[in-house]
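For reference, the chains in residue letters:
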Amino acid sequence: MYCMDEANSLSNSVTKLAERLGCKWEAIDKARSDAMVARVKLRDLVNNPGDRVLSDGCSVVVFGSVARGEKTSGSDIDWSLLIDGPVDPEHRSVLHLIENGIQDTFKSPDPAGSFGEMVFSHDIIHQIGGQKDTNSNITRRILLLSESCAIGSSEAYDRVLRSVLKRYLEDDVSRTKGSSKRQYNIPRFLLNDVVRYWRTMAVDYAHKRRARAGLGWATRNVKLRFSRKLIFVSGMLTCFSCHLDPMKEDGRNLCGQSEIQLSTVNHLMEYTQMSPLEVLAEALLKYASDETARDAMGAYDEFLGCIDDGGKRKHLDSLDPELSDADPLFQEMRKQSHGFQESLTKLFFDEYDELRVLTRKFGVF
Amino acid sequence: MRLVGCSTGAIARGDFSSALDILRSQGIDVVEVSLLREEELMPFVRFLEGDCGIMEDFSVVSIHAPKSFSNITEEQAVELLKPVFARNWPVVVHADSIVRPDCWSGLGNLVCIENMDSRKKIGRTARELEKVFRRLPEASFCFDIGHARQVDRTMTHAEEMIQAFGDRIRMLHVSEVSLTGEHQLLSRMAMMSYRHIAAMLPEDAPAVIESPVASETIAHEVRRVRESLQCRRSGALAG
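These notes cover the structure that comes with them.

The rules we used
Residues numbered from 1 in each chain as written. Chains lettered and ligands numbered in written order. Predicted model: local features only at pLDDT ≥ 70, side-chain atom pairs only at ≥ 80, totals over all residues. Heavy atoms only, no water. Pairing = 2+ DSSP bridges. Helix = DSSP H or I, 4+ residues; strand = E, 2+ residues; numbered from the N terminus. Axes fitted to C-alpha atoms, helices over the stretch in contact; angles between N-to-C directions. Contact = heavy atoms within 4.5 Å. Buried area = accessible area lost by both parts, 1.4 Å probe. Salt bridge = Lys/Arg side-chain N within 4 Å of Asp/Glu carboxyl O. Nonpolar A, V, L, I, M, F, W, Y, C, P; charged D, E, K, R; others polar. Buried < 20%, exposed > 50% of the residue type's maximum accessible area, 1.4 Å probe, protein only.

Attention shifts here to the sheet that holds strand 6 (residues 148-151) of chain A. Residues and elements named next belong to chain A. One open sheet holds the 4 strands; their spatial order is 5-4-3-6, and the pairing between them is mixed. Two strands lie at the open edges of the sheet, namely strand 5 (118-120) and strand 6, each paired on one side alone. On average, adjacent strands in this sheet sit at an angle of 40 degrees to one another, irrespective of strand direction. Two elements, strand 3 (residues 58-63) and strand 4 (residues 78-83), share 6 bridges in a ladder whose sense is antiparallel. When the sheet's bridge partners are listed, Phe63 is paired in strand 4 with Asp78. Helix 8 (residues 155-170) contacts strand 3, strand 4 and strand 6 of the sheet and is inclined by roughly 70 degrees relative to strand 3.

Right, dumping it as structure tokens:
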């Protein structure tokens with residue numbers, strides 16, 4: 001997730017990696033540029049100077065490809081009205097006002113999805129785990145952390161993000177026990193939720209295949225192999241960064257748990273300001289060989305190029321699962337996804353000892 | 001059509017003279033001179049003693065009294081405001097500023113009591129205002145719609161205040177007040193809220209904008225305030 005105004009400066013990791021490898025990833029560049037254009041249009045809709053739409057206590061938040069900086073030709077706009085303030089009867093009216101504006105300009109979100117609605121901070125912050133943490137709630141929460149972007153005023157959005165992170169850290173037993181432990185740990189509560197969400201996406205993929213009788217299956221399959229997996233990867237790397245990043249060194253000067261917790265919240269907030277691809281690129285820059293980095297980003301570039309191609313996207317959208325084994329396009333994307341997976345395996349298990357230790361210790365059991 | 005103007009504090013904070021020039025140059029003829037800080041009171045009194053011909057250019061003038069009294073007493077403030085009362089200009093006073101009602105009691109409906117935002121403990125609701133008006137039964141009412149919405153976004157308390165004291169309303173203050181009490185330009189959401197109660201407001205009460213407005217956007221904000229205070233016939237807003 002990254003803020004619109006800072007998107008260019010935060011695209012550093014991908015740019016730096018491209019420079020180091022001497023690569024040009026055209027589809028990645030185009031998707032990022034198209035996402036920026038979409039976000040500017042959305043900002044004009046919600047926060048036109050002289051015609052501000054929202055009062056304080058709420059933010060318009062976009063998720064999905066536009067927030068990730070990966071907008072392709074078929075992208076819809078997944079958005080929510082995030083409310084973190086007093087009840088206002090006009091929330092409903094303003095939701096419709098924004099909805100109408102978005103419908104006039106963009107493709108609307110999937111009506112069966114978790115978007116295009118009012119979302120309340122209390123559910124996101126307080127209902128982590130338990131019966132009331134519905135599929136929609138965990139989706140909103142994890143996507144808020146990993147691929148979201150406030151359009152216009154971000155006050156409520158920033159407050160909710162910070163509160164969610166604080167909640168993960170406060171309730172993390174492994175972090176709070178033993179006040180003498182003056183070091184950064186992996187935020188296990190958060191990591192468990194990241195892992196849970198990845199498994200939820202994979203299970204939902206199987207559910208949707210059955211529920212929709214295979215309609216749109218191939219596109220969802222390819223997305224699961226790339227963009228959905230990337231959310232998981234960036235979530236893992238974000239959690240591991242609490243141990244791996246230089247903040248660990250600064251942490252030695254911190255005295256108490258509350259100081260460490262605040263510092264960790266700030267560190268994680270910085271990561272939430274990066275898109276998942278930026279988080280991956282950052283890790284590839286630091287921990288991977290050039291070959292692995294080239295393979296990972298190259299495969300992802302192929303994926304975005306395919307999804308952005310209207311004809312290919314249409315072909316995948318309508319591909320019968322029974323015919324996929326003999327379908328050249330699907331098989332090509334499958335092959336690319338194996339390359340992507342292989343690079344990730346090398347990154348997490350083969351090329352950097354400390355990352356391998358963390359992955360073995362926290363990523364499996 | 002409702003008269004709409006601006007507070008000098010909204011145009012040039014702490015500099016009523018510049019604000020008056022700007023408002024006159026833009027043909028705004030409703031003005032409230034903001035003397036919210038007590039040190040602003042004496043310069044305005046001196047201004048009235050001197051060449052204050054510019055005030056003739058405004059058809060509606062009101063004065064906003066200081067919000068608190070620490071260097072001068074309440075009694076001294078009322079004394080200093082005598083030239084204002086002499087011109088029959090209403091003086092808007094925060095409900096929580098009045099500690100000694102006897103100082104104000106002889107001034108009738110020129111004392112215009114304003115409802116408060118959530119940070120204050122007095123004057124936020126009809127019930128709280130009733131206590132204030134009981135002590136100043138002749139006082140008029142400055143209904144601050146932004147304060148009312150900040151206290152209760154359902155506008156229920158706003159409706160109760162208008163029902164209880166609507167016949168006293170002499171002025172309207174219009175802005176959007178943030179959850180932390182800052183005046184802001186109107187958002188669409190605030191405009192929708194205001195339209196719900198617009199029909200209950202007396203048409204002859206002038207509206208004073210308190211949002212900080214750049215001089216080049218005064219006309220735009222005046223239009224938005226007019227649109228907000230139009231009687232609601234449908235839920236839709238133009239634009």
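Now for the interface of chain B and chain A. Contact with chain B, which involves 18 residues of that partner, is made by 18 residues of chain A. Carbon and sulfur atoms supply 52% of the area buried between chain B and chain A, which totals about 1500 Å² over both sides. On the chain B side of the interface with chain A, the three residues burying the most area are Arg153, Arg188 and Met189 of chain B, jointly 43% of the side's total. Where chain B meets chain A, there are 6 salt bridges. Residue Arg52 of chain A pairs with Glu176 of chain B through a salt bridge whose shortest N-O separation is 3.2 Å. Considering each element in turn, the side of chain B that touches chain A owes the most residues, 6 residues, to helix 10 (residues 188-197) of chain B. Of the residues in the side of chain B that touches chain A, the class split is 6 nonpolar, 7 polar and 5 charged.

Another aspect to go through is the environment of Gln261 of chain A. Residues and elements named next belong to chain A. Residue position: Gln261 is located in helix 13 (residues 257-272). Taking relative accessible area as the criterion, Gln261 reaches 19% and is therefore assigned buried. C-alpha of Gln261 to C-alpha of Leu165: the two residues are 96 residues apart in sequence and 9.7 Å apart in space. In this view, Gln261 contacts Lys166, Leu169 and Glu170; residues no more than four positions away in its chain are not counted.

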